[in-house]
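Here are the chains, one letter per residue:
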Amino acid sequence: QKEVEQDPGPLSVPEGAIVSLNCTYSNSAFQYFMWYRQYSRKGPELLMYTYSSGNKEDGRFTAQVDKSSKYISLFIRDSQPSDSATYLCAVPPNTGNQFYFGTGTSLTVIP
Amino acid sequence: EPEVTQTPSHQVTQMGQEVILRCVPISNHLYFYWYRQILGQKVEFLVSFYNNEISEKSEIFDDQFSVERPDGSNFTLKIRSTKLEDSAMYFCASSSFQGGLNSPLHFGNGTRLTVT
């Protein structure tokens, strides 16, 4: 079983819509959960990270972790065309250095 | 804001040739990484480097690959004899602490390697 699974999309929404991006993970021992955003031909940039279960909000973005179901989500409110990018969930290991990335979900916000 | 820089942005090479990809990590970071992303696929871990030695490597990082920190700022990835399947985007990253302990990765914009 892969460490992190993510629906690749693509996802296309109108401007102003609420976007929900999701991942599942396999190892219940994972504690930190991250979302990276990757614009075309750029490196991934850290968007948000959360520890353990619960929600974390930053402006229009909310990251949510449900450890009971091993499910992580990123919600984008009032989506903007500038949010068009690929969103990658990532899980760092509890030991070692090998981050596990999802395949990324491609999002397009249509003006 | 400090950033990771990578050069070149695009490298085209013939199969069997050696390539060196270069990176300048964020200056006060201690851990350095190479990841790659084949078109349409996941970002994959290659290697991590700390205290002038490899701390972890994946199955992908075979004898054709090597890393080096030749001076206080540069971090390089060498592929000795490139294969067609090495064509990918190669990302350098750095972090201030060991990955996984509340220390996110900071990525460069990548080098697109095309092997013909």
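(A) Region of interest: the interface of chain B and chain A. Taken together, the contact pairs 24 residues of chain B with 24 residues of chain A. Put simply, chain B and chain A have zero salt bridges between them. Among the secondary structure elements, those contributing two or more residues to the side of chain B that touches chain A are β4 (31-37), β5 (43-50), β6 (53-57) and β9 (88-95) of chain B. For the side of chain B that touches chain A, the element with the highest residue contribution is β4(B), accounting for four residues.

(B) Broad picture of the side chain of Gln38(A). Inspection of the secondary structure puts Gln38(A) in strand β4 (residues 32-38). You can call Gln38(A) buried: its relative accessible area is 9%. Reaching out from Gln38(A), the side chain makes a polar contact with the backbone oxygen of Lys42(A) at a distance of 3.0 Å. A polar contact of 3.1 Å, which involves the side chain of Gln38(A), links it to the side chain of Gln37(B). Once residues within four sequence positions are removed from consideration, Gln38(A) is found in contact with Gly43(A), Pro44(A), Ala85(A), Thr86(A), Leu88(A), Gln37(B) and Phe91(B).

(C) Spotlight on the pattern of salt bridges. Residues and elements named next belong to chain A. For the coordinates displayed, the defined rule picks out four salt bridges over all chains. Arg77 is the partner of Glu57 in a salt bridge, and the nearest nitrogen-oxygen pair spans 3.5 Å. On the criterion of sequence distance, the pair formed by Glu57 in strand β6 (residues 54-58) and Arg77 in the loop between β8 (71-76) and β9 (85-91) is long-range, its members being 20 residues apart. The closest approach of N and O atoms between Arg60 and Asp83, which form a salt bridge, is 2.8 Å. Taken together, the residues Arg60 in the loop between β6 and β7 (61-66) and Asp83 in the loop between β8 and β9 connect sequence positions 23 residues apart. Given a relative accessible area of 1%, Asp83 falls into the buried group.

(D) Representation of the nonpolar core within the structure. Of all hydrophobic cores here, the largest spans 24 residues; its most connected members are Trp35(A), Ile72(A), Leu74(A) and Tyr87(A). For this core, the elements supplying multiple residues, two or more each, are β3 (19-25), β4, β5 (45-51), β7, β8, β9 and β11 (105-110) of chain A. Once residues within four sequence positions are removed from consideration, Tyr87(A) is found in contact with Gln6(A), Leu21(A), Trp35(A), Tyr36(A), Arg37(A), Leu47(A), Phe61(A), Leu74(A), Ile76(A), Gly104(A), Thr105(A) and Leu107(A). Residues Val19(B), Cys23(B), Val67(B) and Cys92(B) belong to the second largest nonpolar core, which totals 22 residues.

(E) Local environment of the pairing of β5(B). Residue and element names in this part refer to chain B. The buried fraction of β5 is high, at six of eight residues. The sheet contact formed by β4 and β5 spans seven bridges and is antiparallel. What sits directly across from Phe32, in β5, is Phe49. The turn joining β4 and β5, which pair antiparallel and follow one another in sequence, is formed by five residues; a positive phi near 80° is taken by Gly40. In this sheet, β6 lies alongside β5 in antiparallel orientation, the contact comprising four bridges. Directly across from Ser48, in β6, lies its bridge partner Glu56. Linking two consecutive strands that pair antiparallel, namely β5 and β6, is a turn of two residues; a positive phi of about 55° is found at Asn51 within it.

(F) A look at the sheet that holds strand β1 (residues 4-6) of chain A. All names here are of chain A. Spatial strand order, β1-β3-β8-β7-β6: five strands in an open sheet with antiparallel pairing. The open sheet has two free edges, formed respectively by β1 and β6, since each of these has just one partner strand. Within the sheet, the average angular offset between the axes of one strand and its neighbour, ignoring direction, is 20°.

(G) Summary view of the sheet that holds strand β8 (residues 75-79) of chain B. Residue and element names in this part refer to chain B. The strand order β1-β3-β8-β7 describes an open sheet built from four strands, whose pairing is antiparallel. The sheet terminates laterally at β1 (5-7) and β7 (65-68), the two strands that pair on one side only. Neighbour to neighbour, the strand axes of the sheet diverge by 20° on average, direction disregarded. Bridge analysis of strand β3 (residues 19-24) against β8 gives five bridges, and the strand direction is antiparallel. If you follow Arg22 over to β8, its bridge partner there is Thr76.

The rules behind the values
Residues numbered from 1 in each chain as written. Chains lettered and ligands numbered in written order. Predicted model: local features only at pLDDT ≥ 70, side-chain atom pairs only at ≥ 80, totals over all residues. Heavy atoms only, no water. Contact = heavy atoms within 4.5 Å. Salt bridge = Lys/Arg side-chain N within 4 Å of Asp/Glu carboxyl O. Helix = DSSP H or I, 4+ residues; strand = E, 2+ residues; numbered from the N terminus. Buried < 20%, exposed > 50% of the residue type's maximum accessible area, 1.4 Å probe, protein only. Polar contact = N/O pair within 3.5 Å; in protein donor to acceptor, adjacent residues only side chain to side chain. Core = buried A, V, L, I, M, F, W, Y, C linked by side-chain atoms within 4.5 Å. Pairing = 2+ DSSP bridges. Axes fitted to C-alpha atoms, helices over the stretch in contact; angles between N-to-C directions.

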